[in-house]
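# Analysis of the macromolecular model
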Amino acid sequence: MATIGKKFLEVGGWFTALVSLPPSHLGFDNTFNSYVKAFEVVASECRVAKELGLRVVCFAGIHPAAVEDEISRQPKQSVKVLEKALAVIDYIAKLIRNGIVDGFGEVGRPHYRAIPEAFVVNNMVMVHTLTLAKDLNAPVHLHLEQGGEATVIDIVKTIKTIDVNRNKVILHHLSVATAKASQDRELVFTIPGKYPILRECAGLLKPTYMVESDFIDDPRRAGVSSYPWNIVENQKRLLEEGLVNEEYLYRINIDTIVKLYGVQPP
Ligand SMILES: [Zn+2]
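Not measured: the values here are computed from a predicted model.

## Section: the state of the cysteines
Per the counting criterion, the structure on display carries 1 disulfide. Here Cys46 pairs with Cys58 through a disulfide, and the sulfurs are 2.2 Å apart. The sign of the S-S torsion, about 90°, decides the handedness of the disulfide formed by Cys46 and Cys58: right-handed. Of this pair, Cys46 sits in helix α2 (residues 32–52) while Cys58 sits in strand β2 (residues 55–60), placing them 12 residues apart in sequence. As far as the burial class goes, Cys46 and Cys58 line up, both buried.

## Description of the coordination of the zinc ion
Only Glu106 (OE), His143 (ND1) and His172 (NE2) from the protein coordinate the zinc ion, and they sit 2.0 to 2.1 Å from it. Sequence spacing among the residues donating to the zinc ion works out to E-x36-H-x28-H. Taken as a pair, Glu106 in strand β3 (residues 103–108) and His143 in strand β4 (residues 140–143) lie far apart in primary sequence, 37 residues in all. Residue classification places Glu106 among the buried positions, given a relative accessible area of 7%. You can call His143 buried: its relative accessible area is 8%.

## With respect to the packing of helix α3 (residues 64–73) against helix α4 (residues 78–97)
Here α3 crosses α4 at 155°, and the two axes come no closer than 9 Å. In terms of orientation, α3 lies roughly antiparallel with respect to α4. Here α3 runs over α4; the crossing is right-handed. Across from Val67, Glu70 and Ile71 in α3, the residues of α4 making contact are Ser78, Val81 and Lys84. Here the contact of α3 with α4 is built from residues that sort into 3 nonpolar, 1 polar and 2 charged.

## Topic: the nonpolar core
Judged by nonpolar contacts, the single largest core of 71 residues is most densely connected at Phe39, Ile62, Ile92, Phe104, Leu142, Leu171 and Tyr209. In terms of residues, this core owes the most to one element, α4, which gives 10 residues. Apart from the residues lying within four places of it in its own chain, the contact partners of Ile92 are Phe39, Ala60, Gly61, Val101, Gly103 and Phe104. Within the second largest apolar cluster, 12 residues are counted, among which are Phe15, Ile257, Leu260 and Val263.

## Overview of the environment of Ala65
Assignment of secondary structure puts Ala65 in helix α3. The partly exposed category is assigned to Ala65, whose relative accessible area is 25%. Spatially, the C-alpha atom of Ala65 lies 9.2 Å from that of Gly108, the residues being 43 residues apart in sequence.

Cut-off values and rules
Residues numbered from 1 in each chain as written. Predicted model: local features only at pLDDT ≥ 70, side-chain atom pairs only at ≥ 80, totals over all residues. Heavy atoms only, no water. Disulfide = S-S within 2.5 Å. Helix = DSSP H or I, 4+ residues; strand = E, 2+ residues; numbered from the N terminus. Buried < 20%, exposed > 50% of the residue type's maximum accessible area, 1.4 Å probe, protein only. Donors = N, O, S within 2.8 Å, 3.2 Å for Na, K, Ca; no water. Axes fitted to C-alpha atoms, helices over the stretch in contact; angles between N-to-C directions. Parallel < 35°, antiparallel > 145°, perpendicular 65-115°, else oblique. Left-handed = near helix turned anticlockwise from the far one by under 90°. Contact = heavy atoms within 4.5 Å. Nonpolar A, V, L, I, M, F, W, Y, C, P; charged D, E, K, R; others polar. Core = buried A, V, L, I, M, F, W, Y, C linked by side-chain atoms within 4.5 Å.

Right, here's the structure in full:
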């Protein structure tokens, strides 16, 4: 985190939301205790980022891909995996109450074809998380299938049923079509900071969204999405090309973040 954080600050970065990596990325197994260890790792990385001078919001979650991976290997163990996942989410709620982390993330549903048992377990985990998030008034980063309007209609309904604050439910890494559908129904979301996506969204969306690198701090897969400094470079390019103005960039990079995460502006 120290190296990445410094480089991000150098290009003008000021805010980061860090989410926990699945235990398997850290060389652990999938047990409850390994999740506890993975959350210690993210909390300590968040402290490092804060000490560097970044504003930081810290998330712990149980990634849908990790749930899918476990269940696809042992579909008969689905209920055991569900019970563990719910216990992990309850544990995260405790960490939030104690001020160790700020929110839940990532949780949700896989973006690729998953076996039905994994899909339904992940959905139950998501509903449980949103229910706890409501009481804690904590933010949630949702990782979802990119189902365009269908995904968005389902999430809007779920938010209404649970009665959770919709500004606390952040749909992460959306495709352009799902982003558009989300904005039309007033959901909050991020898009990946790759140049072609930023360019398309700049012409299509009002500046109520956020941009993320989805950077994976895993040496085996570093930069699999993009690097945090790339999202700064790509937005500068849009500005130079006259595709956005400063006001637009100010709103997505500062206004929206301040409003959604309740952090102090830079
Ligand atoms: Zn994700």
